[in-house]
Amino acid sequence: MTGWKPSTSSPSPPGCAKGSCSGSDGPTSTWPGSLHLVKRLKTRSSRRQVLLVSVAVDALGRHLARQREERLLLGLAWDDRGLVFTNTVGRPLHPSNFLQRSFYPLLERAGLPRIRFHDLRHSAATLLLGLGIHPKIVSEMLGHSQIGITLDLYSHVTATMQQEAVRAFEGLLGSQP
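S.K.: Please set out the packing of aromatic side chains residue by residue, giving values where relevant.
M.R.: For the structure on display, the rule yields four aromatic pairs. On the basis of an interplanar angle of 85 degrees and a centroid distance of 5.2 Å, the ring pair of F98 and F117 is categorised as edge-to-face. Of the two residues, F98 sits in helix α2 (residues 95–109) while F117 sits in the loop between α2 and α3 (119–130), which places them 19 residues apart along the sequence. With a relative accessible area of 18%, F98 lands in the buried category. A relative accessible area of 37% places F117 in the partly exposed class. Joined through ring pairs, the aromatic side chains of F98, F103, Y104 and F117 make up one cluster. The ring centre of Y104 lies 3.5 Å from the NZ or CZ of R114, which sits over that ring.

Encoded structure:
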């Protein structure tokens, strides 16, 4: 797992891209509840804006404050690569260390079953689609190059959405189910 690297680009409203944490000064925000982060991307077309919920922005701000303190305590021993999520000396996280030391214990403390880290992405997409968020928006948030990818992966959710759409249309037409 690589760290999240701050970008020197300025945030673009409304809010958060996987964009910048303006150098070592922490997150930048141009919209309430937003933050700009940059992640190393698989492809250039993967760059996208993603808004974060305010609780995530707050938690990231606290994380960056703790990290600044750690960096100051370690001085020259800190390997400053400009990453947001690092090991204890500033280097990129190793995936198995992150899972074993942080992610799985967090799931256990929360009383949740052990899942793959990637399952969080699927859970978020499923929940958003189930709430009626337009598939195009969910597709953009996930970085899918085409909405069809999202619709194919989450067709079980869109079937429920179709049933809800029929009920809504019946209500619009004054039909009784």
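S.K.: Lay out the nonpolar core in plain terms, naming residues and giving numbers.
M.R.: Grouped together as the largest cluster of nonpolar side chains are seven residues: A125, L129, V138, L142, Y154, V157 and M161. Of all the secondary-structure elements, those providing two or more residues to this core are α3, α4 (135–142) and α6 (155–173). Excluding residues within four positions of it along the chain, V138 makes contact with A125, L128, L129, I133 and T150. Core analysis: the next-biggest nonpolar cluster, separate from the first, contains five residues, L93, F103, Y104 and L107 among them.

S.K.: Got a sec to walk through the confidence of the model for the protein? Specific residues and values, please.
M.R.: For residues with low pLDDT, the predicted coordinates do not support detailed interpretation. Chain-level statistics for the protein give a pLDDT mean of 76 and a share of 70% at 70 or above. Taken element by element, the protein is modelled with least confidence in α6, mean pLDDT 83, and with most confidence in α2, mean pLDDT 93.

S.K.: Outline the side chain of T150, supporting the account with residue identities and numerical values.
M.R.: When you line up the elements, T150 lands in helix α5 (residues 147–153). Classification of T150 by relative accessible area gives buried; the value is 1%. Here T150 is in contact with L129, P135, V138, S139, L142 and H144, once residues within four sequence places are set aside.

S.K.: Help me get a handle on the packing of α3 against α6, residues and values and all.
M.R.: At a closest axis distance of 9 Å, the pairing of α3 and α6 adopts a crossing angle of 10 degrees. With respect to each other, α3 and α6 are oriented roughly parallel. Two secondary-structure elements touch here, α3 through T126, L129 and G130 and α6 through H156, V157 and M161. Its residues assigned to classes, the contact of α3 with α6 shows three nonpolar, three polar and no charged.

The rules behind each value
Every chain is numbered independently, its residues counted from 1 as its sequence is written. Confidence filtering applies because this is a predicted model: local features only for residues at pLDDT of at least 70, side-chain atom pairs given and counted only at 80 or more, and all residues used for totals across whole chains, interfaces and linings. Each side-chain value is derived from all of the structure's non-hydrogen atoms; neither hydrogens nor water enter the calculation. Only the six-membered ring of Trp is used, alongside the rings of Phe and Tyr, when aromatic pairs are assigned; centres must lie within 6.5 Å, and planes under 30 degrees apart are stacked while those over 60 apart are edge-to-face, with the rest tilted. By the criteria applied, helices consist of DSSP H or I runs no shorter than four residues and strands consist of E runs no shorter than two, each listed in order from the N terminus. Only protein chains enter the accessibility calculation, which uses a 1.4 Å probe; a residue whose area is less than 20% of its type maximum is buried, one above 50% is exposed, and one in between is partly exposed. Charge-over-ring contacts are defined here by two conditions on Lys NZ or Arg CZ: a distance within 6 Å of the ring centre and an angle within 35 degrees of the ring normal. To form a nonpolar core, buried Ala, Val, Leu, Ile, Met, Phe, Trp, Tyr and Cys residues must be joined to one another through side-chain atoms within 4.5 Å. Residues are treated as being in contact if the distance between any of their heavy atoms lies within 4.5 Å. By definition, pLDDT measures how confident the predictor is in each residue, and it falls between 0 and 100. Convention adopted: a line fitted to C-alpha atoms gives each axis, helices being fitted over their contacting stretch, and angles between N-to-C directions are expressed from 0 to 180 degrees. If an angle is under 35 degrees, it is roughly parallel; if it is over 145, roughly antiparallel; if it lies from 65 to 115, roughly perpendicular; otherwise it is oblique. The classification used treats Ala, Val, Leu, Ile, Met, Phe, Trp, Tyr, Cys and Pro as nonpolar, Asp, Glu, Lys and Arg as charged, and all other residues, Gly among them, as polar.

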